[in-house]
Each structure stands twice: as structure tokens, then as C-alpha cells.
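Okay, here's what each chain looks like letter by letter:
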Amino acid sequence: MADNYLERRMDDYRSGRLNTRPTPRTSLPKDALVLRYPAFALLVIAGGSEYDEVVIGQLCRVGLKVSFTHPDHKAGTALAQRAGARLYPAAMDMEQILADMDVRRTPASLVLVAEGCEVPACGSLPAFRYAHVPEVDMPVSARLLLFALHPDCRPLLLSGGFRGLVRVS
């Protein structure tokens, strides 16, 4: 009996009817838009709002190297641990932060500044102000910001095409 069972299983295996590897399943619908982000680093000047936390979390989830400043060191540390980002003290000078990013991480490509925060002198780096779009939920607004930061959208971003969401400072 065991021989017949094993022979049938081997026949199934040889013919391909018995799949030994699980088939990969995608949870994405067929009409989903998938954006791949090249590895780049950015600095976020956060104001300490809940929206800043959502934005930093979304940026980290797509694989960007995020460094940020936060006015509350304790809350900023907890956010950095949850999101996988690097926290810099809010009192630290911008030149020191950028120099440290050059040494420890990939050099920053751009600076995001939360609405209500002062835009620091960033040298040749482009600085963008971002704000929560009140008509939509925070995660959706953060995804819109993420879409605006995609390298393919950079010309539109620099020309001011995302008014109300992102502004060039």
C-alpha cells in the first residue's frame, strides 16, 4: 500500500501536478499603481504634530532614509524607534546635521519643512514646505506627499504643481 502511494506521489511530482513550492500571491489589485523609490535620503523638520508622525512613517515604509528634527526629544525618540528614522536634536545647527548625514547616511537630497516651522538655510538643497490637506484623511494626505516626492514628479514639484500640499520654499 505504501509503495503505491509513494509511486503516485512521485508521478504527481514529475508531472508537475504536485507543487512543492507555494505559489506567490499578490494582494494588489490588477489596476494598482506601484511606485518604486530609488534610495535617497531626506531631512524632515517636524513640528511635532500627529501628521508629521504619519509622514515620517510613510517615508520610512517605502525605504527612504529619513532623518528628522523634533521639538520634543522624548516623543521624537519614540517616533524614531517606531519608524526606523534618525532623530537629530532640534537645537542642532543645520550645517552640523547635514555634515553628520554625509558621514553616517546617504547625503540628503532634499529638506521637508512642516507647516509652521522656520525654513533653515540648506545651501544648495531644495527645501519644501508640506501641510496636511484638511479635506482628506492624514494617511491619504501623506501618500499624496509621498507621490509628490517621487523622482518622476520632481519637475512638477519644482514648478509648483502641488500647491496646497507642497510648496517650494
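For the structure itself, consult the block above.
Definitions and limits used
Residues numbered from 1 in each chain as written. Predicted model: local features only at pLDDT ≥ 70, side-chain atom pairs only at ≥ 80, totals over all residues. Heavy atoms only, no water. Helix = DSSP H or I, 4+ residues; strand = E, 2+ residues; numbered from the N terminus. Buried < 20%, exposed > 50% of the residue type's maximum accessible area, 1.4 Å probe, protein only. Contact = heavy atoms within 4.5 Å. Areas by Shrake-Rupley, 256 points an atom, 1.4 Å probe, with all protein chains shown as cover. Arc of directions from axis to C-beta. Axes fitted to C-alpha atoms, helices over the stretch in contact; angles between N-to-C directions. Parallel < 35°, antiparallel > 145°, perpendicular 65-115°, else oblique. Left-handed = near helix turned anticlockwise from the far one by under 90°. Pairing = 2+ DSSP bridges.

Asker: Can you tell me about the overall build of the protein chain, naming the residues and giving the values?
Answerer: Along the backbone of the protein chain there are six helices and six strands. Counting from the amino terminus, the protein chain carries its helices and strands in the arrangement α-β-α-β-α-β-α-β-β-α-α-β. A buried classification covers 37% of the 169 residues belonging to the protein chain. Restricting to contacts in the protein chain with at least 6 residues of sequence separation, those with at least 24 account for 54%. Just so you have it, the protein chain exposes about 10700 Å², and 53% of that area is on carbon and sulfur atoms.

Asker: Describe helix α5 (residues 138–148), naming the residues involved and giving the relevant values.
Answerer: For α5, the complete set of buried residues consists of S141, A142, L145, L146 and A148. Buried residues along α5 cover an arc of 160° about the axis, so they all sit on one side.

Asker: Kindly report on the packing of helix α2 (residues 50–61) against helix α3 (residues 73–83), identifying the contributing residues and their values.
Answerer: A pair of packed helices can be characterised by two numbers: the angle between their axes and the separation between those axes. At a minimum axis separation of 10 Å, α2 and α3 run at an interaxial angle of 30°. Taken together, the axis directions place α2 and α3 in an arrangement best described as roughly parallel. In this structure, α2 meets α3 at a crossing whose hand is right-handed. Touching E53, I56, G57 and C60 of α2 are L79, R82 and A83, all from α3.

Asker: With reference to specific residues and values, describe α3.
Answerer: For α3, the full list of buried residues reads G76, L79 and A80. The buried residues of α3 occupy an angular sector of 100° when projected down its axis, which confines them to one face. Exposed residues pointing more than 90 degrees away from the buried face of α3 are listed as K74, Q81 and R82. Contact partners of the buried residues in α3: α2, β2 (65–70) and β3 (86–89). Of the residues trailing α3, G84 is marked for its positive phi of about 85°.

Asker: Please give an account of the pairing of strand β5 (residues 127–130) that cites residues and values.
Answerer: Taking every second residue as pointing to the same face, both faces of β5 are buried, with A127 and R129 on one and F128 and Y130 on the other. With four bridges connecting them, strand β4 (residues 108–114) and β5 associate as parallel partners. Bridging from a neighbouring strand, V111 pairs with A127 of β5.

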